[in-house]
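Summary of structural features
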Amino acid sequence: MKLKTTIAKLLLLPLIATAAPEPASLAERNETLAERDARMEWFRDAHFGMFVHWGLYAVPAGIWKGKPTKTNNCAEWLMRAGKVPIAEYSELAKEFNPQKYDADQWVVAAKNAGMKYITITAKHHEGFAMFKSKASAYNIVDATPYQHDPLKDLAKACKKHGIKLGLYYSQNLDWYHPGGHGNNWDPASKGDPEAYVDHIVIPQLKEILSNYGEISILWFDIPNGVINKARADRIMKVVYQCNPDIIVNNRLGGGYKGDIQTPEQHIPPMGFPGKDWEVCMTMNKSWGFAKDDSRWKPSRDMIRKLCDIASKGGNYLLNVGPTDLGEIPDPSLERLAEIGEWMKINSKAIHGTRASVFPLLPKWGRLTTRLLPNGNSILYAMVFNPPKDGTILLPGLMNTPVKAVLLGSKTGVRTTSEDQAVRIEIPKSYRNKSDFVIALLLKGTPHVDASSHADQSGSFTLLPRQAQLTKPLRLDGASGSSGLRGGIEEHLSHWTKPSGTASWNVTSKTAAKLDLYIRIAAPEASDGSVIEFSIGNQMVELTIQSTGSWKKFTEVKVGTLRLPKGKSVLTVKAKTIHGEAPCNLGTLRLSPSRN
Ligand code: FHN
């Protein structure tokens, strides 16, 4: 599959965060890494999109026959939560008449918030098509008094405003059509899944991918169920025929990996290094409009989430749940406008950037990176809370800063180069502010020394992913598998033999006396194991006490070490192993000793 890609664009592709998807994922699309990078570039540049959950469920909006239904914060699950028979639930179509729907207003609200794409539910689990479908009369044009196709308007408005359009399609759960998965309360839903895929899913995918112009993202949901490999193969054959460049998420099933990981309602601690990913989140609690859901997140919370996600190389798909009349709720519009105010000044720190070049997440905020055509680069320091000393230290940064500016201000920013670090002085007038961005222009591409350096408090954080390992130790956790619900924290595991060691390179500007704290998880059988940490000829050891399980991490103090000035290596090995292994080892912390 060949994609037109200008060499110049490829040269601009980030040196830092080029995703290196598994070969199977490339094979799935029959494309090279360069072709994948070119196809994904707009998505990686965007970082921010609007999710829209809109369907018949907006009519009851979480309330059924006068009572709130226990939809576990998902008003779009009302039919299942209330085990509402198909014949009764489908009556809602007769009430669905979104007379106040204004696609242009939706798209402008998204665009002004700094969003670059919109992904809307074409068909959710209720099985109702929010588009004209010849495959099923259970759709907004044929079954409602509205008798109009809202997707046509949305596609037109997106094209007009330069916003890309993505479509969500529930390919497995379908509580209406016979053969669809997930309706275990109404015998009318019984049917042949093969026929459901061939006569509903595939024809409808053809309709939504052919009748609304360029669809840039296809968002499957709840993988597997009726979707086995054979059916997934048939589905994807049609998808690729309709749009070979479309971005597909990882929720089809049938063994398909897709192009993007899709964590939901949580941000993986370190993102998905080397992979493309998009985290979807609600502004309140429910995806679909819920009358009684007023638990709205503050705009600042969502701005900081956007910064956090972009700094990890991901995208933020922020949800709105329009009402049955077709209006985005006011609290959502207010938040979109407030996010837009921040983006008006600071969007350069988000759009077109790539992940932070630093291994650690700073306590004061987040960082993103921009590579410039002339070979230089810009680091964006998104400052949530300025450090008390009025400076920001970038440990390990070897580049010479050319200049630094405050986005949206003419206030000059001073920087100094220290031994293997750059320090930014926050202007006095900003030291009591928050959520501002300092852009640091560097000569060349960013170069960060790979060893661990002290942060502003003099502490060192040593991540499992930074360790040099000898077998059988290996890195586990953090992003989990699909990352849908979040994995366990990043750690070193399979420490089944004393030959397994982990080492970290540490660089210190001064000699220092430091207390070593480590995060461990260990079952009872590991009790009494002994692990030993050493720097040069210094050693401290820890006798393991169970934390309850391999997944239950707790922080323990090991002891005190003297770190010499300059470069050192901290190594850990297992002296005594009880049970399968002494523990799973998470993040290490060396903090200035209090005694
Ligand atoms: O069941 C759906 C849910 O209703 C909502 O659409 C979310 C959004 O990602 N996806 C599923 C739950 O993971």
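Okay, so let's go over this structure. (Residues numbered from 1 in each chain as written. Predicted model: local features only at pLDDT ≥ 70, side-chain atom pairs only at ≥ 80, totals over all residues. Heavy atoms only, no water.)

1. A few points about the overall build of the chain
To keep it simple, the criterion reads: Counting from the N terminus, the helices are the DSSP runs of H or I reaching at least four residues and the strands are the DSSP runs of E reaching at least two. Both definitions apply: the radius of gyration is a C-alpha atom measure, and the globule rule equals 2.2 Å times residues to the power 0.38. Burial here depends on accessible area, computed with a 1.4 Å probe over protein chains only, as a share of the maximum for the residue type. Under 20% is buried, over 50% is exposed, and the range in between is partly exposed. We call two residues in contact whenever any of their non-hydrogen atoms come within 4.5 Å of each other. All accessible-area figures derive from a Shrake-Rupley calculation using a 1.4 Å probe, and residue coverage is judged against the displayed protein chains alone. Asp and Glu count as negative and Lys and Arg as positive, but His and the ends of the chain are not part of the count. By convention, the charge on Lys lies at NZ, on Arg at CZ, on Asp at CG and on Glu at CD.
Check the secondary structure of the chain and you find eleven helices and 28 strands. Here the chain has a C-alpha radius of gyration of 26 Å; the compact-globule value for 595 residues is 25 Å, and the two agree. The buried share of the chain, taken over its 595 residues, is 57%. Restricting to contacts in the chain with at least 6 residues of sequence separation, those with at least 24 account for 73%. Accessible area of the chain: about 24,300 Å², with a carbon and sulfur share of 54%. Computed over 75 positive and 58 negative side-chain charges, the separation of the two mean positions in the chain equals 5 Å.

2. Let's talk about the packing of helix α6 (residues 103-112) against helix α7 (residues 150-161)
As a reminder, the rule being used: Axis definition: a line fit to C-alpha positions, over the contact stretch in the case of helices; interaxial angles, taken between N-to-C directions, run 0 to 180 degrees. When an angle is under 35 degrees it counts as roughly parallel; over 145 it counts as roughly antiparallel; between 65 and 115 it counts as roughly perpendicular; any other value is oblique. Take the far helix as your reference; a near helix turned counterclockwise from it by less than a right angle gives a left-handed crossing, and one turned clockwise gives a right-handed crossing.
At their nearest, the axes of α6 and α7 sit 8 Å apart, and the two run at 40 degrees to each other. If you check the angle between α6 and α7, you find them oblique. In terms of crossing hand, the pair formed by α6 and α7 is right-handed. Two secondary-structure elements touch here, α6 through A103, D104, W106, V107, V108 and K111 and α7 through D153, L154, A157, C158, K160 and H161.

3. Observations regarding the pattern of salt bridges
Counted only if it meets this: Any carboxyl oxygen of Asp or Glu that lies within 4 Å of a side-chain nitrogen of Lys or Arg is treated as forming a salt bridge with it.
For the coordinates displayed, the defined rule picks out 42 salt bridges. With its nearest N and O atoms 3.4 Å apart, the salt bridge here joins D476 to R474. Of the residues examined, R474 reaches a relative accessible area of 42% and is grouped as partly exposed. Across the salt bridge formed by R519 and E489, the nearest N and O atoms sit 2.7 Å from each other. Of this pair, R519 sits in strand β23 (residues 512-521) while E489 sits in the loop between β20 (474-476) and β21 (491-493), and the two are 30 residues apart along the sequence. Taking the relative accessible area as the measure of exposure, E489 reaches 25% and is therefore partly exposed. Look at the salt bridges and you will find they share partners, linking R29, E31, R36, R39 and D259 into a network.

4. Topic: the site of the ligand
Rules: Nearness is defined per residue: one heavy atom within 4 Å of the molecule or strand is enough. We define a polar contact as two N or O atoms separated by no more than 3.5 Å, with the added condition that, inside protein, one atom must be a possible hydrogen donor and the other a possible acceptor, whereas residues neighbouring each other in sequence contribute only through side-chain atom pairs. Under the convention adopted here, Pro, Cys and the residues Ala, Val, Leu, Ile, Met, Phe, Trp and Tyr are nonpolar, Asp, Glu, Lys and Arg are charged, and Gly plus all remaining residues are polar.
Looking at the ligand, there are 15 residues lining it, with H53, E76, H125, D221 and E264 nearest. The contact in question runs from an oxygen atom of the ligand to an N or O atom on the side chain of E76, over 2.6 Å. H125 has a polar side-chain atom sitting 2.7 Å from an oxygen atom of the ligand. Isolated, the ligand exposes 330 Å² of accessible area, and the fraction of that covered by the protein chains is 97%. Partitioning the shell around the ligand into residue classes produces seven nonpolar, three polar and five charged.

5. Things to note about the pairing of strand β25 (residues 538-543)
We count it as follows: Between any two strands, at least two bridges found by DSSP are needed for them to pair.
Sheet topology note: the strand β24 (residues 530-535)/β25 ladder contains six bridges and is antiparallel. Each bridged residue has a counterpart across the sheet, and for I535 the counterpart in β25 is Q538. The hairpin turn running from β24 into β25, its antiparallel successor, is two residues long, and G536 in that turn takes a positive phi close to 60 degrees.

6. So, the pairing of strand β13 (residues 401-406)
In terms of strand pairing, β13 meets strand β16 (residues 436-442) through five bridges, oriented antiparallel. If you follow K403 over to β16, its bridge partner there is L441. Looking at chain direction, β13 and strand β14 (residues 412-418) are connected through two bridges and run antiparallel. The residue bridging V405 from the neighbouring strand is G412, located in β14.

7. Focus on the nonpolar core
Nonpolar side chains in soluble globular proteins tend to end up buried together. Quick reminder of the rule: Take the buried residues of types Ala, Val, Leu, Ile, Met, Phe, Trp, Tyr and Cys, join any two whose side-chain atoms come within 4.5 Å, and each joined set is a nonpolar core.
By size, the foremost hydrophobic cluster in this structure holds 101 residues, and its most contacted members are L154, L218, I235 and V239. By residue number, the principal contributor to this core is helix α8 (residues 193-210), which donates eight residues. Within the second largest apolar cluster, 31 residues are counted, among which are A467, F533, I535 and L561.

8. Side note on the sheet that holds β13
With respect to topology, seven strands assemble into an open sheet ordered β10-β11-β16-β13-β14-β15-β12, the strand pairing being antiparallel. Both outer strands of the open sheet, β10 (365-371) and β12 (391-395), are each paired with one neighbouring strand and no more. Pairs of neighbouring strands in the sheet enclose a mean axial angle of 20 degrees, with direction left out of account. The pairing of β12 with strand β15 (residues 421-425) spans five bridges and is classified as antiparallel.

9. Some words on helix α3 (residues 33-46)
Definition in use: The span one expects for a helix is its residue count, reduced by one, times 1.5 Å. For a residue, the bend is simply the angle between two axes, fitted respectively to the seven-residue segment ending there and the seven-residue segment starting there.
In this model α3 runs 20 Å from its N-terminal to its C-terminal C-alpha over 14 residues, within 8% of the 20 Å that 1.5 Å per residue would give. The largest bend in α3 comes to about 50 degrees, at M40. For α3, the buried fraction is high: ten of the 14 residues fall into the buried class. Turning to α3, its buried residues are E35, R36, D37, A38, R39, M40, E41, F43, R44 and A46.

10. A short note on the side chain of N250
Mapping N250 onto the fold places it in the loop between β7 (247-248) and β8 (278-281). The exposure class of N250 is buried, given its relative accessible area of 13%.

11. Considerations on the environment of D233
Note that D233 resides in helix α9 (residues 229-242). The exposure class of D233 is partly exposed, given its relative accessible area of 28%. Linking D233 and G254, residues 21 residues apart in sequence, is a C-alpha distance of 7.9 Å. Here Y256 takes part through its side chain, which lies 2.6 Å from a polar atom of the side chain of D233.

12. Digging into the side chain of T121
Tracing the backbone shows T121 in strand β4 (residues 117-123). Judged by relative accessible area, which is 1%, T121 ranks as buried. In this structure the side chain of T121 is engaged in a polar contact, spanning 3.4 Å, whose partner is the side chain of Y57.

13. Points about helix α11 (residues 330-346)
Put simply, the rule is: Here, the arc refers to the directions that run from the helix axis to the C-beta atoms.
Spanning 17 residues, α11 covers 24 Å between terminal C-alpha atoms, matching the ideal 24 Å at 1.5 Å per step. For α11, the complete set of buried residues consists of S332, R335, L336, I339, G340, W342, M343 and N346. Across the axial projection of α11, the buried residues extend over an arc of 165 degrees, all falling on one side. Facing away from the buried side of α11, by more than 90 degrees, are the exposed residues D330 and K344. Buried residues along α11 sit against β1 (48-52), α6, α10 (299-311), β9 (315-320) and β16.

In short, geometric facts, not functional conclusions.
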